[in-house]
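# Examining the three-dimensional arrangement
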Amino acid sequence: KQEVTQIPAALSVPEGENLVLNCSFTDSAIYNLQWFRQDPGKGLTSLLLIQSSQREQTSGRLNASLDKSSGRSTLYIAASQPGDSATYLCAVRPGSGGSNYKLTFGKGTLLTVNP
Amino acid sequence: DTEVTQTPKHLVMGMTNKKSLKCEQHMGHRAMYWYKQKAKKPPELMFVYSYEKLSINESVPSRFSPECPNSSLLNLHLHALQPEDSALYLCASSQGQRLADEQYFGPGTRLTVT
């Protein structure tokens with residue numbers, strides 16, 4: 001059974017700092033990995049989707065990397081801003097099997113960027 | 001238009017009430033999903049519809065009844081809920097159920113059962 005772990009569970013940083021969020025998964029047979037942002041009580045906003053054949057994806061100040069063989073992904077946020085404060089969720093999609101529709105989520109990292 | 005909309009935003013209901021949650025998308029997606037998210041927990045899949053037919057039921061209690069009247073609309077009918085069913089209910093859609101099809105999420109309905 002796939003398990004996704006996100007470390008740290010919570011992170012508080014001063015504005016302007018570069019930071020890294022970590023995601024690890026136990027079964028490397030994934031099709032893709034997706035990073036989401038969730039504001040309190042709100043839905044999920046997709047930030048980056050990395051296919052299993054890719055090593056990284058970039059969008060603005062965000063860069064996500066994937067090391068499928070070691071079961072790890074990182075989300076790098078450059079020059080953090082108070083508006084980046086949110087919970088960041090990592091989710092993997094299995095590459096095979098009957099449940100390949102199913103995303104397995106980590107519990108998230110709660111990020112607070114202080115002005 | 002890459003938006004999934006959900007109504008209502010908030011819902012408070014008693015344990016004997018019947019209510020419905022609504023989800024709509026106009027992206028031409030043919031797969032739609034219901035997720036349940038408890039506080040400080042990740043989303044959990046409840047149902048998947050593909051081409052307006054229920055394809056996946058993740059052993060959800062029958063007090064939750066999904067319906068897909070057409071390819072753009074997904075409902076979740078609620079009856080005789082328990083206080084522990086209070087949660088954020090998220091709808092998502094994707095082009096299909098193929099591996100490459102990314103899921104787009106709505107803003108959610110915050111449900112409180114009293």
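Refer to the preceding data block for the structure.
The structure displayed is predicted, hence computed values, not measured ones. (Residues numbered from 1 in each chain as written. Chains lettered and ligands numbered in written order. Predicted model: local features only at pLDDT ≥ 70, side-chain atom pairs only at ≥ 80, totals over all residues. Heavy atoms only, no water.)

Time to look at the interface of chain A and chain B. On the side of chain B, 22 residues touch chain A, which itself brings 22 residues to the contact. Both sides together, the interface formed by chain A and chain B hides about 1,800 Å², and carbon and sulfur atoms give 56% of it. Linking chain A to chain B there are 1 salt bridge. Connecting chain A to chain B are 5 residue pairs in polar contact (both at pLDDT 80 or more). In terms of residue count, strand 4 (residues 30-38) of chain A provides more of the side of chain A that touches chain B than any other element does, 5 residues in total. Counted by class, the side of chain A that touches chain B contains 9 nonpolar, 9 polar and 4 charged residues. (Contact = heavy atoms within 4.5 Å. Buried area = accessible area lost by both parts, 1.4 Å probe. Salt bridge = Lys/Arg side-chain N within 4 Å of Asp/Glu carboxyl O. Polar contact = N/O pair within 3.5 Å; in protein donor to acceptor, adjacent residues only side chain to side chain. Helix = DSSP H or I, 4+ residues; strand = E, 2+ residues; numbered from the N terminus. Nonpolar A, V, L, I, M, F, W, Y, C, P; charged D, E, K, R; others polar.)

On to the state of the cysteines, then. Residue and element names in this part refer to chain A. Following the criterion strictly, the structure yields 2 disulfides over all chains and no others. The disulfide that involves Cys23 links it to Cys90, with 2.0 Å between the sulfurs. One disulfide, between Cys23 and Cys90, carries an S-S torsion of -55 degrees and so falls in the left-handed class. Here Cys90 lies in strand 9 (residues 86-94) and Cys23 lies in strand 3 (residues 19-25), a separation of 67 residues in the sequence. (Disulfide = S-S within 2.5 Å.)

Moving on, we come to unusual backbone geometry. For the bond from Ile7 of chain A to Pro8 of chain A, the omega torsion is 0 degrees, close enough to zero to count as cis. Following Thr7 of chain B, the chain continues into Pro8 of chain B via a peptide bond in cis, with omega recorded as -10 degrees. You can see Pro8 of chain B is positioned in the loop between strand 1 (4-7) and strand 2 (10-13). The phi torsion at Ala79 of chain A lies on the positive side, around 45 degrees, for a residue other than glycine. Secondary-structure assignment places Ala79 of chain A in the loop between strand 8 (72-77) and strand 9. One non-glycine residue, Ser59 of chain B, lies in the positive phi region at around 55 degrees. The class for Ser59 of chain B is exposed, based on a relative accessible area of 70%. (Buried < 20%, exposed > 50% of the residue type's maximum accessible area, 1.4 Å probe, protein only.)

Once that is clear, we can look at the pairing of strand 9 of chain A. All names here are of chain A. Of all 9 residues in strand 9, 8 are buried; the element is thus mostly enclosed. One ladder, built from 3 bridges, connects strand 9 with strand 11 (residues 109-114); its direction is antiparallel. In the strand pairing of strand 11, Tyr88 is matched with Thr109. Of the strand pairs in this sheet, strand 9 and strand 10 (residues 104-105) are connected by 2 bridges, and their pairing is antiparallel. (Pairing = 2+ DSSP bridges.)

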